[in-house]
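Coordinate analysis (summary)
In case you want the letters, here they are:
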Amino acid sequence: MAIAVLGLQWGDEGKGKITHLLAKDADMVVRFNGGPNAGHTVIDRGVKFGTHLIPAGAFYPNTISVLASGMVIDFEVLREEWDMLSRHLGWQPRLLIAENAHIIMPYHRALEELEGSGKHFGTTRRGIAPAYRDKAAKVGIRVGDLLRQDIAKQRLERRLDLLKREWPNSEEVQSLDAGVLLEEQLSFAQPLLPSIGNATSAIDNALEAADRAVMFEGAQGALLDVDHGSYPFVTSSSTTYAGLSNSIGISNPDIDRRLGVFKGYVTRVGAGPFPTRVSGELAERLRTIGGEFGVTTGRPRDCGWLDLVALRYTVRLNDCTGLAITKLDVLSGLDEVKVCRSYRLDGESIENFPLAADVLEGCEPEYETVPGWREPISEIREFSGLPSQVMGYIAFIEREVGVPVEIVSVGPEPEATMMRA
Ligand code: IMP
């Protein structure tokens, strides 16, 4: 039995809470993309956590958490998270780190600053794009290299040689030393070295075993996918279901549930087009009530109405079998709620999501207005107890995207979740 949990917007859909809840029934939880750019907010036994690299399975003693090969791993961050969780839990989370995942080195973070790309694209400045770039350019350092230090040192020396030629005037780059960098990485990774291994065969075995439940956890959202998102305002990994197979090294994995997570409205952080963005009082209200500030960077998120053009596209991209809608409580208190069903582009109405960021930038949302609900809903625990307008909003979305809403979340606590399936 396997489920994939995937973000359907520009990240920050509330996947952390949903994966944390579903992970309690899983024997294995696999994170398949991205790095410490992600920020999952999890409330575990009343304590709030922002996790960046460690999958949600880490909170449960019998669950193994896999960091698959499609990830880029910053050992400094991973170690900090692992130590923090070990203290909170009273035991050490069980990890398996793919030997063929790539390492984010300190120079990857520095490169985003040197190149100004962090600022231009509004990235999280965690070295994500430079690390994935090195992977594609075949000059990356892989996790498994830490187990063969002579190889790691050779690779680092070659990478630094190129880097120093590219940045002759950067003191920071010129002072880098392969031996020092390797020692530093090893000191962060030391207690995690036994956790490095072949993730593909472990995942394959778990998927084959009839009695094992596997959950796959996506980071970021479909609209940030490097191929299928609003390029170039995207992240550098494959965030969708298609990317999952490649990351875990298993073609056509037997995953019967593909749960897409989306917020009852939309947020975006960083640069790039956002057709349904709102401003003024409404934006402030959504940001404040929804706590819309980045978990990783603390940046305020832009907010807007639900965009069904984008949602239809990402539901299809991920071949979703069901949906989880989150943060519906944030919309309480509004007389009416707007939903974008189509865009106006060059005087015409279009229903397909444009792939080019500059075209998307020129799209005006065409809204349908539906009744809002004034009452707070964050204490409601039964679907049947929700105001009729909330049920109407959910039914409207289901009709538009053609996939059932299986989970409804009305607050950050695990209890504030209604399972319909
Ligand atoms: P990068 O992933 O740091 O290269 O950033 C590229 C873009 O993706 C920026 O707009 C970031 O704000 C955005 N981004 C990356 N990770 C997340 C996330 O987990 N949530 C929301 N936005 C993200």
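Residues numbered from 1 in each chain as written. Predicted model: local features only at pLDDT ≥ 70, side-chain atom pairs only at ≥ 80, totals over all residues. Heavy atoms only, no water.

1. Brief notes about a negative patch on the surface
- There is a patch of like negative charges on the surface, built from Asp204, Glu208, Asp254 and Asp256.
- Following the sequence through the fold, Glu208 ends up in helix α9 (residues 199–208). (Patch = residues over 30% accessible without salt bridge, like charges linked within 9 Å, V, L, I, M, F, W, Y side chains within 5 Å. Areas by Shrake-Rupley, 256 points an atom, 1.4 Å probe, with all protein chains shown as cover. Salt bridge = Lys/Arg side-chain N within 4 Å of Asp/Glu carboxyl O. Lys, Arg positive; Asp, Glu negative; His and termini not counted. Charge placed at Lys NZ, Arg CZ, Asp CG, Glu CD. Helix = DSSP H or I, 4+ residues; strand = E, 2+ residues; numbered from the N terminus.)

2. Re the domain arrangement of the chain
- Domain boundaries in the chain define domain 1 (2–101 + 192–259), domain 2 (102–190) and domain 3 (262–419).
- Between domain 1 and domain 3, the C-alpha centre-to-centre distance is 24 Å.
- Taken together, the contact between domain 1 and domain 3 spans 36 residues of the former and 44 residues of the latter.
- Summed over both sides, the interface of domain 1 with domain 3 buries roughly 3,100 Å², with 62% coming from carbon and sulfur. (Domains from an automatic or database assignment. Contact = heavy atoms within 4.5 Å. Buried area = accessible area lost by both parts, 1.4 Å probe.)

3. Some thoughts on the nonpolar core
- Core analysis: the largest hydrophobic core is formed by 75 residues, its most contacted members being Phe75, Leu78, Ile203 and Phe216.
- The element contributing the most residues to this core is helix α8 (residues 178–189), with six residues.
- The two domains that each donate at least three residues to this core are domain 1 (2–101 + 192–259) and domain 2 (102–190).
- Contacts of Phe216, omitting those with residues within four sequence positions, involve Ala2, Ile3, Ala4, Val5, Val30, Phe32, Ile203, Leu207, Leu244, Ile248 and Ile255. (Core = buried A, V, L, I, M, F, W, Y, C linked by side-chain atoms within 4.5 Å. Buried < 20%, exposed > 50% of the residue type's maximum accessible area, 1.4 Å probe, protein only.)

4. Regarding helix α11 (residues 280–290)
- Those residues of α11 not exposed but buried are Ala283, Leu286, Arg287 and Gly290. The buried residues of α11 occupy an angular sector of 95° when projected down its axis, which confines them to one face. Among the exposed residues of α11, those oriented more than 90 degrees off its buried face are Gly280, Glu281 and Thr288.
- Next to the buried residues of α11 lie β13 (302–304).
- Directly beyond the C-terminal end of α11, a positive phi value near 60° is found at Gly291. (Arc of directions from axis to C-beta.)

5. Let's talk about the site of the ligand
- Residues in close proximity to the ligand total 17 residues, the closest being Asp12, Asn37, Thr124, Thr235 and Arg299.
- Here an oxygen atom of the ligand sits 2.9 Å away from a polar atom, N or O, in the side chain of Asn37.
- Gly122 places a main-chain nitrogen or oxygen 3.4 Å from an oxygen atom of the ligand.
- Of the residues in the shell around the ligand, the class split is seven nonpolar, eight polar and two charged. (Near = heavy atom within 4 Å. Polar contact = N/O pair within 3.5 Å; in protein donor to acceptor, adjacent residues only side chain to side chain. Nonpolar A, V, L, I, M, F, W, Y, C, P; charged D, E, K, R; others polar.)

6. Focus: the sheet that holds strand β9 (residues 196–197)
- The ten strands lie next to each other as β9-β7-β5-β2-β10-β1-β11-β15-β19-β20, forming an open sheet whose pairing is mixed. Single-partner strands in this sheet number two, and they are β9 and β20 (417–419).
- On top of the sheet, helix α1 (residues 15–23) reaches β1 (2–7), β2 (28–31), β10 (214–217), β11 (257–263), β15 (322–326), β19 (405–409) and β20; it is set at about 170° to β1, its chief contact. (Pairing = 2+ DSSP bridges. Axes fitted to C-alpha atoms, helices over the stretch in contact; angles between N-to-C directions.)

7. Structural notes on helix α12 (residues 308–317)
- Most of α12 sits out of view: eight of its ten residues are buried.
- Burial in α12 covers these residues: Leu308, Val309, Ala310, Leu311, Arg312, Tyr313, Thr314 and Val315.
- In the core, the buried residues of α12 are packed alongside β11, β14 (306–307), β15, β16 (336–345) and α14 (388–401).
- For α12, the N-terminal cap is Asp307; the gap from its side-chain oxygen to the backbone nitrogen of Val309 is 3.0 Å.
- Phi turns positive one or two residues past the end of α12, at Asp319, with a value near 50°.

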